[in-house]
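# Observations on chain architecture
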Amino acid sequence: MYKLAVWTFLLLILMASLQGAGAQSAEWLSADIGFFPDSNVEQIQAIYLADSTAEAIDAEVSADIVAHPQRITNDRTTQSTPPVRATGLNNLLILPCAFADQPIPTLRDNYFSDMRDELRLYWRELSYDQLDIGESEITNWYTLPLTLEAYQQMDITSALTLIFEQCTAAADLEVDFSDIAMINILLNESLGASWAGQRQANLDGTFKLWPITWNMDWAWERSGRYTLKHEMGHLFGMSHSMGKNGSEYGNSWDTMSHSLSQHTIGYNKMQLGWLDSAEIAQVNSGTTQTYTLSALASPVAGVKLLTVPVVGSETDLFTVEFRQIGGYDKMIIGTSIVIHEIDYEREIINPISHTPQIIPVQLSQFTQESIHNGDSLWEAGETFISPEGVQIHISAIDTDCADLLCGTATVTVTNPGYTTFLPTVRR
Ligand SMILES: [Zn+2]
């Protein structure tokens, strides 16, 4: 396979918030940086590791962040309410803005209307038709008053704020902002990271924190829109999840981690209210239950998420979901059961920003006790056994059916309950 044939997604997040004067809630920013097959990944990693004495992260870092670290020094605040409701109609504005000295890219006809249609389709599929970003107003390109270099020389939060103010001011004659729930700013060059956040402004009589994504050229033009979708996911209230190795960008089952335009994980769908109570089953302590799971990406009703609360452990919860290749899950690495462990107090310090953040979800690691062939997938016949004794046995995965994403997986979960976790070892 062509090394890095699928663009490798990377790296760091800097969560920060700025207290807006008089604002009831805090402005915040979340950064994501990506690079693509035309970057030399190994070289970039080497530069980063040589350049930093911080604890190693296995996420790759773009050359931009090495040259221009975008350190956010504000105190952490938690983002209590999502900037945009994850259900119902939330009209999007697509706002292309060009640095004064950088060429406006030549795009094929209908590029932005295709983008609009595709983004709408994507969020409808992920939310089972419960989130609609509407007909998405699209503006023409506006040209910023300053050059790329002028914005590069500002601290990043000032640059993003100014870009937001200048782009929206330029668009104000054309756009009625009273209809707009969120704004995707598309830039024609890169300041390093792409960002999601909020900025306070009075637009067409509405004074509020406006939900914004700032997408550098690579985030929307060269990347299959993976990062653009990921940034929008932050506006709906989703955080990153972590891969097995503890990398914030290492979970390839989650568009909010290793973004490939795939679905997000069942945990996020539960948090956002996209799964209803009939689609979530809980396996309580002291019980063994067998369920037949539908594919998480399937639009058809069925049990799509198992939750297994764990008493007396750092892990608060295991989640079990069935992922089948198909729909926007066409990019996942295989059809299998996926298990995550949730720790609501998992605090991660980003080694670049040194900013602490809570990331509850991590892809579960294989334990020695597990019955498993060692690859990344949990397949029929295999059994996950957690250190606490939770057993998740996959007895069957059946994809021999006619419709897209109509497969099922049969799973038996044993949650042994508290007594297993007493610190007495009996052998
Ligand atoms: Zn992110």
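In short, a report on the structure. Note that this is a predicted model, so its numbers are computed, not measured.

## A short note on the sheet that holds strand β11 (residues 280-282)
Spatially, the five strands line up as an open sheet ordered β11-β13-β14-β15-β18, and their pairing is mixed. The sheet terminates laterally at β11 and β18 (361-363), the two strands that pair on one side only. In this sheet, neighbouring strand axes are inclined to one another by 25 degrees on average, regardless of whether the strands run parallel or antiparallel. Examined bridge by bridge, strand β13 (residues 305-309) and strand β14 (residues 317-323) share four bridges and lie antiparallel to one another. Looking at β14, one finds that Leu 306 is bridged to Val 320.

## A look at the sheet that holds strand β20 (residues 391-398)
Taken in spatial order, the four strands make up an open sheet running β12-β21-β20-β19, and their pairing is antiparallel. Strands with a single pairing partner mark the edges of an open sheet, and in this sheet they are β12 (287-294) and β19 (383-385). Taken over all neighbouring pairs, the strand axes of this sheet differ in orientation by 15 degrees on average, direction set aside. In this sheet, strand β21 (residues 408-415) lies alongside β20 in antiparallel orientation, the contact comprising seven bridges. Residue pairing for β21: Ala 396 is matched across the bridge by Thr 410.

## Some thoughts on unusual backbone geometry
A positive phi angle, near 70 degrees, is found at Asp 129, a position not held by glycine. Given 12 C-beta atoms within a 10 Å radius, Asp 129 is considered exposed. Phi is positive for Ser 261, which is not a glycine, with a value near 65 degrees. Within the secondary structure, Ser 261 is located in the loop between α7 (226-235) and α8 (266-271).

Conventions adopted
Residues numbered from 1 in each chain as written. Predicted model: local features only at pLDDT ≥ 70, side-chain atom pairs only at ≥ 80, totals over all residues. Pairing = 2+ DSSP bridges. Helix = DSSP H or I, 4+ residues; strand = E, 2+ residues; numbered from the N terminus. Axes fitted to C-alpha atoms, helices over the stretch in contact; angles between N-to-C directions. Buried ≥ 20, exposed ≤ 12 C-beta atoms within 10 Å, placed from the backbone.

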